[in-house]
Amino acid sequence: MTGQQRRITTQTLLRMKQRRERISMLTAYDFTMASILDTAGVDILLVGDSLGMVIQGEETTIPVSLRDMIYHGRLVARAAKRAMVVVDLPFPHGQLGVRKTLAVSARIMKQTGCQAVKLEGGAEQAATIRALAGAGIAVIAHVGLRPQSVHRLGGYHVQRNTEQILEDATAAEAAGAFCVLMECVPTELAAQVTAALKVPTIGIGAGPECDGQVLVTHDLIGLTVGRVPKFVRQKLDLSKEIQQAVQEFNAEVRAGTFPSLDESFE
Ligand code: KIV
């Protein structure tokens, strides 16, 4: 990337952990938002399968298709100049065994231009993570609350199985994951995992001791329709601002005060 800011890589993130510099990660699903977030200096852009809920209005991430992920991944990768772009493996493509998951990951990378993929799972995914890493694919393991397993888990609850989460995280690292994402894990356990791993951890609802933090951007800026989780720090109330702007526009159009002569051609 001559003449431009350098891309964040797996090595950058590892060095950040070693230097205790925190990593920022946000979701992005389209070109415009990805450009804004990239310019604002976010380190990792996640094309999360949360797009099923955030963009498509689904109740869970389960209906999201591979085609959807590739489409949105391409839009985000086109915008990102500095941030690492990570694309989620949608259900059930991360759970189809080594060969199929490898083929799908390669397809995502080739067709989107992303730098990494994320898959849900830890210890039971070790063989798949090892195969992806062996094929040169940078992979993040998502442990703790796994939204694609919401029905098996019985809801979006904090995950408190210390032994399981430690085992998942250490197995994912040993298999070659360059980062472990922990969702809805108690603070102390997330701190324990973070201290145990050489690779960075990124938390969402996992307390302040992780090496980095991720949020769904729509939650951060107040664009979420419906409930916002406890772990979100909402910075803006954009839904309200957009509604106000649109109401003003409606009123001006209806009153005949838009457009003015300045906003028109002679
Ligand atoms: O899909 C997603 O956006 C995610 C984050 C919630 C971590 O996996």
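Before reading on, note that the structure itself is shown above.
Residues numbered from 1 in each chain as written. Predicted model: local features only at pLDDT ≥ 70, side-chain atom pairs only at ≥ 80, totals over all residues. Heavy atoms only, no water.

## A look at the overall build of the protein
- A count of helices and strands for the protein gives 11 helices and eight strands.
- Its C-alpha atoms give the protein a radius of gyration of 20 Å, near enough to 18 Å, the size a compact globule of 266 residues would have.
- In terms of overall dimensions, the protein has a C-alpha envelope of 70 × 45 × 35 Å along the principal axes.
- For the protein, buried positions account for 47% of its 266 residues.
- When contacts within the protein are restricted to residue pairs at least 6 apart in sequence, those whose partners lie at least 24 apart make up 57%. (Helix = DSSP H or I, 4+ residues; strand = E, 2+ residues; numbered from the N terminus. Rg over C-alpha atoms; globule rule 2.2 N^0.38 Å. Buried < 20%, exposed > 50% of the residue type's maximum accessible area, 1.4 Å probe, protein only. Contact = heavy atoms within 4.5 Å.)

## Some details on the environment of Gly-73
- The topology assignment puts Gly-73 in helix 4 (residues 66–79).
- For the pair formed by Gly-73 and Glu-266, sequence separation is 193 residues and the distance between their alpha carbons is 43 Å.
- Apart from the residues within four sequence positions on either side, Gly-73 is in contact with Val-47, Val-87 and Thr-112.

## Topic: the side chain of Gln-125
- Note that Gln-125 resides in the loop between strand 4 (116–120) and helix 6 (126–134).
- Reaching out from Gln-125, the side chain makes a polar contact with the backbone oxygen of Gly-94 at a distance of 2.7 Å.
- A distance of 3.1 Å separates the side chain of Gln-125 from the backbone oxygen of Glu-120, its partner in a polar contact.
- Apart from residues no more than four positions distant in its own chain, Gln-125 is found in contact with Gly-94, Gln-95, Leu-119 and Glu-120. (Polar contact = N/O pair within 3.5 Å; in protein donor to acceptor, adjacent residues only side chain to side chain.)

## With respect to helix 5 (residues 98–112)
- Here helix 5 contains 15 residues, and its C-alpha end-to-end distance of 21 Å stays within 8% of the 21 Å for a straight helix at 1.5 Å per residue.
- Along helix 5, the residues that are buried comprise Thr-101, Val-104, Ser-105, Ile-108 and Thr-112. Taken end-on, helix 5 shows its buried residues confined to a sector of 100 degrees, consistent with a single buried face. Summarising the geometry of helix 5, the exposed residues directed more than 90 degrees from the buried face are Arg-99 and Lys-110.
- For helix 5, the elements touching its buried residues are helix 4, strand 3 (84–88), strand 4 and helix 6. (Expected span 1.5 Å × (residues − 1). Arc of directions from axis to C-beta.)

## Focus on the layout of surface pockets
- When its volume is computed, the largest pocket comes out at roughly 1200 Å³.
- When residues of the lining of the largest pocket are traced back to their parent elements, those giving at least two are helix 3 (51–54), strand 4, strand 6 (179–183), strand 7 (201–204), strand 8 (212–215) and helix 10 (217–220).
- No other element matches the three residues that strand 8 contributes to the lining of the largest pocket.
- Taken together, the residues of the lining of the largest pocket sort by class into 22 nonpolar, 15 polar and nine charged.
- Here the second largest pocket defines a volume of roughly 370 Å³.
- Lining the second largest pocket are 16 residues; nearest its centre among them are Leu-26, Leu-215, Leu-220, Arg-233 and Lys-235.
- Elements with a contribution of two residues or more to the lining of the second largest pocket: strand 1 (23–27), helix 2 (31–39) and strand 8.
- For the lining of the second largest pocket, the leading source of residues is strand 8, giving three residues.
- Among the residues making up the lining of the second largest pocket, the classes are represented as 11 nonpolar, two polar and three charged. (1 Å grid on protein atoms, 1.4 Å probe; cavity = no way out; pocket = protein on both sides within 12 Å on 5 of 7 lines; lining within 4 Å. Points joined across faces, edges and corners; volume = space filled by probe spheres on them. Nonpolar A, V, L, I, M, F, W, Y, C, P; charged D, E, K, R; others polar.)

## A short note on unusual backbone geometry
- Residue Pro-92 is bonded to the preceding Phe-91 through a cis peptide linkage, with omega at 0 degrees.
- Here Pro-92 is to be found in the loop between strand 3 and helix 5.
- Omega for the bond connecting Phe-258 with Pro-259 falls within 30 degrees of zero, at 0 degrees, which places this linkage in the cis form.
- Considering the arrangement of structural elements, one finds Pro-259 in the segment after helix 11 (238–255).
- One non-glycine residue, Arg-20, adopts positive backbone phi at about 60 degrees.
- Following the sequence through the fold, Arg-20 ends up in the loop between helix 1 (10–18) and strand 1.

## Quick word on a nonpolar patch on the surface
- A surface patch of nonpolar side chains, amounting to about 260 Å² of accessible area, comprises Phe-249, Val-253 and Phe-258.
- Within the secondary structure layout, Phe-258 lies in the segment after helix 11. (Patch = residues over 30% accessible without salt bridge, like charges linked within 9 Å, V, L, I, M, F, W, Y side chains within 5 Å. Areas by Shrake-Rupley, 256 points an atom, 1.4 Å probe, with all protein chains shown as cover. Salt bridge = Lys/Arg side-chain N within 4 Å of Asp/Glu carboxyl O.)

## Some words on the sheet that holds strand 1
- The strand order 1-2-3-4-5-6-7-8 describes a closed barrel built from eight strands, whose pairing is parallel. When the angles between neighbouring strand axes are averaged without regard to direction, this sheet yields 25 degrees.
- Examined bridge by bridge, strand 5 (residues 138–144) and strand 6 share five bridges and lie parallel to one another. Paired with Ala-141 across the two strands is Val-180, which belongs to strand 6. (Pairing = 2+ DSSP bridges. Axes fitted to C-alpha atoms, helices over the stretch in contact; angles between N-to-C directions.)

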